[in-house]
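Fold and contact review
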Amino acid sequence: MATRTTGTLSTATTRPVVTAREVRRSFGGTVVLDDVDLAIDPGEVVALLGGSGSGKSTLLRILAGLDPDASGEISRMGSQAVVFQEHRLLPWKRVADNVSLGVTGGGVRERVAAALAEVGLADRGRSWPAELSGGQAQRVAVARALVREPALLLLDEPFGALDALTRLKMQTLFGRLRAEHNFAALLVTHDVDEALLLADRTLVLDGGRIVENAPVPLTRPRAADDPGFGPVRRHL
Ligand code: ADP
Ligand code: MG
(Lines give C-alpha, C1' and ligand atoms only; values in the text may rest on other atoms or scores of the structure.)
(Ligands and ions follow the chains in the order given, each with its own letter.)
Protein backbone atom coordinates (compact mmCIF):
# COMPACT_ATOMS: atom_id res chain seq x y z
CA MET A 1 0.00 0.00 0.00
CA ALA A 2 1.33 3.40 -0.87
CA THR A 3 1.54 6.30 1.53
CA ARG A 4 -1.38 8.64 1.21
CA THR A 5 -0.28 12.21 0.72
CA THR A 6 -2.45 15.03 1.92
CA GLY A 7 -1.99 18.74 2.49
CA THR A 8 -1.44 21.59 0.11
CA LEU A 9 1.05 24.33 -0.48
CA SER A 10 0.34 27.04 2.02
CA THR A 11 1.95 29.99 3.71
CA ALA A 12 0.35 29.11 7.05
CA THR A 13 3.04 29.02 9.71
CA THR A 14 1.32 27.25 12.54
CA ARG A 15 0.77 23.80 11.09
CA PRO A 16 3.64 21.31 10.96
CA VAL A 17 5.65 21.32 7.73
CA VAL A 18 5.40 17.56 7.74
CA THR A 19 3.27 15.09 9.66
CA ALA A 20 3.68 11.32 9.42
CA ARG A 21 1.11 8.93 10.81
CA GLU A 22 1.33 5.18 11.21
CA VAL A 23 4.21 4.86 8.80
CA ARG A 24 5.19 1.26 8.15
CA ARG A 25 7.75 -0.26 5.83
CA SER A 26 8.95 -3.80 5.36
CA PHE A 27 11.53 -5.25 3.02
CA GLY A 28 10.72 -8.85 2.22
CA GLY A 29 9.50 -10.19 5.54
CA THR A 30 11.57 -7.79 7.61
CA VAL A 31 9.75 -4.95 9.32
CA VAL A 32 11.98 -1.86 9.32
CA LEU A 33 9.45 0.79 10.32
CA ASP A 34 6.62 -0.38 12.51
CA ASP A 35 4.18 2.44 13.19
CA VAL A 36 6.11 5.72 13.17
CA ASP A 37 4.41 9.03 13.95
CA LEU A 38 6.14 12.38 13.86
CA ALA A 39 5.54 16.03 13.16
CA ILE A 40 7.97 18.87 12.53
CA ASP A 41 6.97 22.48 13.09
CA PRO A 42 7.97 25.37 10.85
CA GLY A 43 11.50 26.45 11.64
CA GLU A 44 12.13 23.48 13.93
CA VAL A 45 15.30 21.39 13.55
CA VAL A 46 14.81 17.78 14.60
CA ALA A 47 17.67 15.31 14.77
CA LEU A 48 16.91 11.67 14.01
CA LEU A 49 19.29 9.32 15.79
CA GLY A 50 19.44 5.55 15.71
CA GLY A 51 21.83 2.70 15.16
CA SER A 52 23.03 1.62 11.77
CA GLY A 53 20.18 -0.14 9.97
CA SER A 54 17.52 1.23 12.32
CA GLY A 55 15.57 2.71 9.40
CA LYS A 56 16.63 6.38 9.49
CA SER A 57 17.26 6.65 5.76
CA THR A 58 14.13 4.66 5.03
CA LEU A 59 12.05 7.10 7.08
CA LEU A 60 13.70 10.13 5.47
CA ARG A 61 13.01 8.77 1.99
CA ILE A 62 9.37 8.19 2.92
CA LEU A 63 9.05 11.76 4.24
CA ALA A 64 10.62 12.98 0.99
CA GLY A 65 8.04 11.07 -1.04
CA LEU A 66 10.72 8.84 -2.54
CA ASP A 67 9.31 5.49 -1.40
CA PRO A 68 6.08 4.52 -3.13
CA ASP A 69 5.88 1.19 -1.29
CA ALA A 70 5.63 2.50 2.27
CA SER A 71 2.29 2.66 4.05
CA GLY A 72 0.87 5.35 6.28
CA GLU A 73 -0.08 8.95 5.84
CA ILE A 74 2.26 11.83 5.09
CA SER A 75 0.95 15.38 5.19
CA ARG A 76 3.21 18.13 3.88
CA MET A 77 2.96 21.90 4.07
CA GLY A 78 5.31 23.73 1.76
CA SER A 79 8.25 22.58 -0.26
CA GLN A 80 11.03 20.18 0.66
CA ALA A 81 14.61 19.66 -0.38
CA VAL A 82 16.87 16.72 0.35
CA VAL A 83 20.60 16.57 1.04
CA PHE A 84 22.13 13.10 1.04
CA GLN A 85 25.42 11.95 2.53
CA GLU A 86 26.90 11.80 -0.94
CA HIS A 87 26.50 15.02 -2.88
CA ARG A 88 24.80 13.47 -5.93
CA LEU A 89 25.94 16.24 -8.25
CA LEU A 90 25.71 15.49 -11.95
CA PRO A 91 29.35 15.28 -13.11
CA TRP A 92 28.59 16.50 -16.62
CA LYS A 93 27.02 19.75 -15.41
CA ARG A 94 28.85 22.76 -14.07
CA VAL A 95 28.30 23.69 -10.43
CA ALA A 96 25.81 26.50 -11.20
CA ASP A 97 23.85 24.22 -13.54
CA ASN A 98 23.67 21.56 -10.85
CA VAL A 99 22.26 24.12 -8.43
CA SER A 100 19.71 25.49 -10.89
CA LEU A 101 18.54 22.10 -12.16
CA GLY A 102 14.75 22.03 -12.17
CA VAL A 103 14.44 25.47 -10.55
CA THR A 104 11.73 27.57 -12.13
CA GLY A 105 10.56 31.14 -11.79
CA GLY A 106 12.27 34.45 -12.31
CA GLY A 107 15.82 35.40 -11.51
CA VAL A 108 17.15 31.85 -11.40
CA ARG A 109 20.67 32.94 -12.28
CA GLU A 110 20.70 35.49 -9.44
CA ARG A 111 19.21 33.04 -6.98
CA VAL A 112 21.84 30.45 -7.85
CA ALA A 113 24.61 33.02 -7.44
CA ALA A 114 23.19 34.05 -4.06
CA ALA A 115 22.94 30.44 -2.87
CA LEU A 116 26.52 29.69 -3.93
CA ALA A 117 27.71 32.84 -2.19
CA GLU A 118 25.92 31.77 0.98
CA VAL A 119 27.84 28.50 1.09
CA GLY A 120 31.11 30.27 0.38
CA LEU A 121 31.44 29.23 -3.26
CA ALA A 122 30.61 32.45 -5.08
CA ASP A 123 33.49 31.95 -7.52
CA ARG A 124 32.91 28.27 -8.32
CA GLY A 125 29.75 28.39 -10.43
CA ARG A 126 31.61 27.50 -13.62
CA SER A 127 33.62 24.70 -12.02
CA TRP A 128 32.93 21.04 -12.69
CA PRO A 129 31.99 18.84 -9.72
CA ALA A 130 35.19 16.80 -10.18
CA GLU A 131 37.22 19.95 -9.50
CA LEU A 132 35.77 20.33 -6.00
CA SER A 133 36.84 18.84 -2.68
CA GLY A 134 34.35 16.63 -0.84
CA GLY A 135 33.42 19.50 1.47
CA GLN A 136 32.95 21.92 -1.41
CA ALA A 137 30.79 19.43 -3.30
CA GLN A 138 28.61 19.01 -0.22
CA ARG A 139 28.33 22.81 0.03
CA VAL A 140 27.03 22.78 -3.54
CA ALA A 141 24.49 20.15 -2.52
CA VAL A 142 23.40 22.48 0.30
CA ALA A 143 23.18 25.41 -2.16
CA ARG A 144 21.09 23.25 -4.50
CA ALA A 145 18.68 22.64 -1.63
CA LEU A 146 18.69 26.27 -0.44
CA VAL A 147 17.92 27.76 -3.84
CA ARG A 148 14.56 25.99 -3.67
CA GLU A 149 13.77 27.92 -0.48
CA PRO A 150 12.35 24.82 1.19
CA ALA A 151 10.08 24.94 4.20
CA LEU A 152 11.67 21.63 5.19
CA LEU A 153 15.17 20.34 4.60
CA LEU A 154 15.65 16.58 4.81
CA LEU A 155 19.30 15.81 5.51
CA ASP A 156 20.60 12.24 5.55
CA GLU A 157 23.93 12.24 7.41
CA PRO A 158 24.92 15.24 5.30
CA PHE A 159 28.32 15.72 6.95
CA GLY A 160 29.00 12.06 7.72
CA ALA A 161 31.46 11.50 4.88
CA LEU A 162 33.56 14.58 5.65
CA ASP A 163 36.73 14.86 7.71
CA ALA A 164 36.35 16.25 11.23
CA LEU A 165 37.41 19.84 10.50
CA THR A 166 35.29 20.09 7.36
CA ARG A 167 32.39 18.67 9.34
CA LEU A 168 32.85 21.41 11.95
CA LYS A 169 32.79 24.01 9.19
CA MET A 170 29.62 22.52 7.73
CA GLN A 171 27.92 22.45 11.13
CA THR A 172 28.80 26.11 11.60
CA LEU A 173 27.48 26.89 8.12
CA PHE A 174 24.27 25.02 8.91
CA GLY A 175 23.72 27.14 12.02
CA ARG A 176 24.29 30.32 10.04
CA LEU A 177 21.97 29.29 7.21
CA ARG A 178 19.29 28.25 9.63
CA ALA A 179 19.42 31.62 11.42
CA GLU A 180 19.15 33.33 8.02
CA HIS A 181 16.46 31.19 6.35
CA ASN A 182 14.51 29.75 9.27
CA PHE A 183 13.85 26.47 7.47
CA ALA A 184 12.68 23.40 9.36
CA ALA A 185 14.91 20.35 9.09
CA LEU A 186 15.06 16.67 9.79
CA LEU A 187 18.71 15.91 10.34
CA VAL A 188 19.61 12.23 10.26
CA THR A 189 22.88 11.71 12.08
CA HIS A 190 24.60 9.12 14.21
CA ASP A 191 26.66 11.86 15.87
CA VAL A 192 25.03 12.71 19.20
CA ASP A 193 27.15 15.85 19.61
CA GLU A 194 25.99 17.07 16.21
CA ALA A 195 22.39 16.42 17.18
CA LEU A 196 22.74 18.38 20.41
CA LEU A 197 24.58 21.20 18.66
CA LEU A 198 22.24 21.68 15.74
CA ALA A 199 18.80 20.44 16.76
CA ASP A 200 15.96 21.72 18.91
CA ARG A 201 14.69 18.21 19.48
CA THR A 202 16.03 14.70 19.09
CA LEU A 203 14.23 11.54 18.08
CA VAL A 204 15.66 8.06 18.51
CA LEU A 205 14.57 5.28 16.19
CA ASP A 206 14.87 1.71 17.46
CA GLY A 207 13.04 -1.49 16.65
CA GLY A 208 11.00 0.29 13.99
CA ARG A 209 9.61 2.88 16.39
CA ILE A 210 10.50 6.27 17.78
CA VAL A 211 11.53 5.39 21.31
CA GLU A 212 12.74 8.83 22.41
CA ASN A 213 11.41 12.28 21.61
CA ALA A 214 13.21 14.86 23.70
CA PRO A 215 13.87 18.58 23.43
CA VAL A 216 17.50 19.65 23.57
CA PRO A 217 17.95 21.71 26.76
CA LEU A 218 18.04 25.43 26.06
CA THR A 219 20.99 25.86 28.40
CA ARG A 220 23.18 24.20 25.81
CA PRO A 221 24.95 26.51 23.35
CA ARG A 222 23.42 25.98 19.94
CA ALA A 223 24.93 26.67 16.54
CA ALA A 224 21.81 28.58 15.48
CA ASP A 225 22.01 30.89 18.50
CA ASP A 226 25.68 31.67 18.13
CA PRO A 227 27.19 30.47 14.87
CA GLY A 228 30.63 31.57 15.98
CA PHE A 229 30.76 29.91 19.37
CA GLY A 230 33.50 27.62 20.55
CA PRO A 231 37.27 27.93 20.53
CA VAL A 232 37.68 26.09 17.23
CA ARG A 233 34.66 27.54 15.48
CA ARG A 234 35.83 31.10 15.99
CA HIS A 235 38.52 30.42 13.44
CA LEU A 236 36.31 28.77 10.82
P1 ADP B 1 19.82 3.48 8.56
O2 ADP B 1 19.73 4.64 7.62
O3 ADP B 1 19.23 3.75 9.90
O4 ADP B 1 21.22 2.96 8.69
P5 ADP B 1 18.23 2.15 6.54
O6 ADP B 1 16.97 2.89 6.55
O7 ADP B 1 19.17 2.44 5.42
O8 ADP B 1 18.96 2.28 7.94
O9 ADP B 1 17.93 0.60 6.49
C10 ADP B 1 17.12 -0.03 7.45
C11 ADP B 1 17.02 -1.51 7.13
O12 ADP B 1 16.28 -1.67 5.94
C13 ADP B 1 18.35 -2.19 6.91
O14 ADP B 1 18.28 -3.48 7.45
C15 ADP B 1 18.46 -2.24 5.41
O16 ADP B 1 19.23 -3.33 5.01
C17 ADP B 1 17.01 -2.39 4.98
N18 ADP B 1 16.77 -1.79 3.67
C19 ADP B 1 16.81 -0.46 3.37
N20 ADP B 1 16.52 -0.25 2.09
C21 ADP B 1 16.30 -1.48 1.54
C22 ADP B 1 15.95 -1.94 0.23
N23 ADP B 1 15.75 -1.09 -0.77
N24 ADP B 1 15.80 -3.28 0.06
C25 ADP B 1 15.97 -4.14 1.07
N26 ADP B 1 16.29 -3.77 2.32
C27 ADP B 1 16.46 -2.47 2.56
MG1 MG C 1 21.13 5.67 6.53
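Structure shown above.
Residues numbered from 1 in each chain as written. Chains lettered and ligands numbered in written order. Predicted model: local features only at pLDDT ≥ 70, side-chain atom pairs only at ≥ 80, totals over all residues.

Moving on, we come to the overall build of the protein. When helices and strands are tallied, the protein shows six helices and 10 strands. Residues counted as buried form 40% of the 236 residues belonging to the protein. If you take every contact in the protein between residues at least 6 apart in sequence, the share linking residues at least 24 apart comes to 74%. (Helix = DSSP H or I, 4+ residues; strand = E, 2+ residues; numbered from the N terminus. Buried ≥ 20, exposed ≤ 12 C-beta atoms within 10 Å, placed from the backbone. Contact = placed C-beta atoms within 7 Å.)

One open sheet holds the six strands; their spatial order is β6-β7-β8-β4-β9-β10, and the pairing between them is mixed. Single-partner strands in this sheet number two, and they are β6 (80-83) and β10 (209-215). Between one strand axis and the next, the sheet turns through 15° on average, direction left out of account. Pairing analysis gives four bridges linking strand β4 (residues 45-49) to strand β9 (residues 201-206), with the strands arranged parallel. Within the sheet, the bridge partner assigned to L48 lies in β9 and is L203. Of the strands in this sheet, β4, β7 (152-156), β8 (184-188) and β9 touch helix α1 (residues 56-63), which is tilted by about 155° from β8. (Pairing = 2+ DSSP bridges. Axes fitted to C-alpha atoms, helices over the stretch in contact; angles between N-to-C directions.)

This brings us to the environment of G50. Considering the arrangement of structural elements, one finds G50 in the loop between β4 and α1. Between the C-alpha atom of G50 and that of L33, which follows or precedes it by 17 residues, the distance is 12 Å. Non-local contacts of G50, meaning those with residues more than four positions away in its chain, are made with G55, K56, V204, L205 and D206.

So, on to the site of ligand 1. Surrounding ligand 1, one finds F27, V32, G50, S52, G53, S54, G55, K56, S57 and T58. Tallied by class, residues from the shell around ligand 1 come to two nonpolar, seven polar and one charged. (Near = placed C-beta within 6 Å. Nonpolar A, V, L, I, M, F, W, Y, C, P; charged D, E, K, R; others polar.)

This part takes up the nonpolar core. When a protein is soluble and globular, its nonpolar side chains tend to lie buried together. L48, A143, L152, L186 and L187 are the most contacted members of the largest nonpolar core, which has 63 residues in total. The dominant element in this core, judged by the number of residues it contributes, is helix α4 (residues 134-146), at seven residues. (Core = buried A, V, L, I, M, F, W, Y, C linked by C-beta atoms within 7 Å.)

What follows covers α1. When you tally the buried positions in α1, you get six out of eight residues, the bulk of the element. Among all positions in α1, only K56, T58, L59, L60, I62 and L63 are buried. Looking one or two residues beyond α1, the residue adopting positive phi is G65, at roughly 80°.

This paragraph deals with helix α3 (residues 108-118). Every buried residue of α3 is accounted for by V112, A115 and L116. Seen along its axis, α3 keeps its buried residues to an arc of 100°; they face one direction. At its buried positions, α3 is contacted by α2 (95-100) and α4. Residue G120 follows α3 closely and has a positive phi angle near 80°. (Arc of directions from axis to C-beta.)

The phi angle at D35 is positive, at roughly 75°, despite the residue not being glycine. Positionally, D35 belongs in strand β3 (residues 30-40). A count of 13 C-beta atoms within 10 Å places D35 in the partly exposed class. In the Ramachandran plot, N182 falls in the positive-phi region, its phi being about 60° despite a non-glycine side chain. Position of N182 among the secondary structure elements: in the loop between α5 (164-181) and β8. Taking the C-beta count within 10 Å as the criterion, N182 has 13 such neighbours and is therefore assigned partly exposed.

It is worth spelling out the environment of G120 at this point. Among the secondary structure elements, G120 is positioned in the loop between α3 and α4. Residue G120 is classed as partly exposed on the basis of its C-beta count, with 14 C-beta atoms lying within 10 Å. Distance from G120 to Q136, taken between C-alpha atoms, is 8.7 Å for residues 16 residues apart in sequence.

Note that every value here comes from positions in space, so none of it alone points to a role or purpose.
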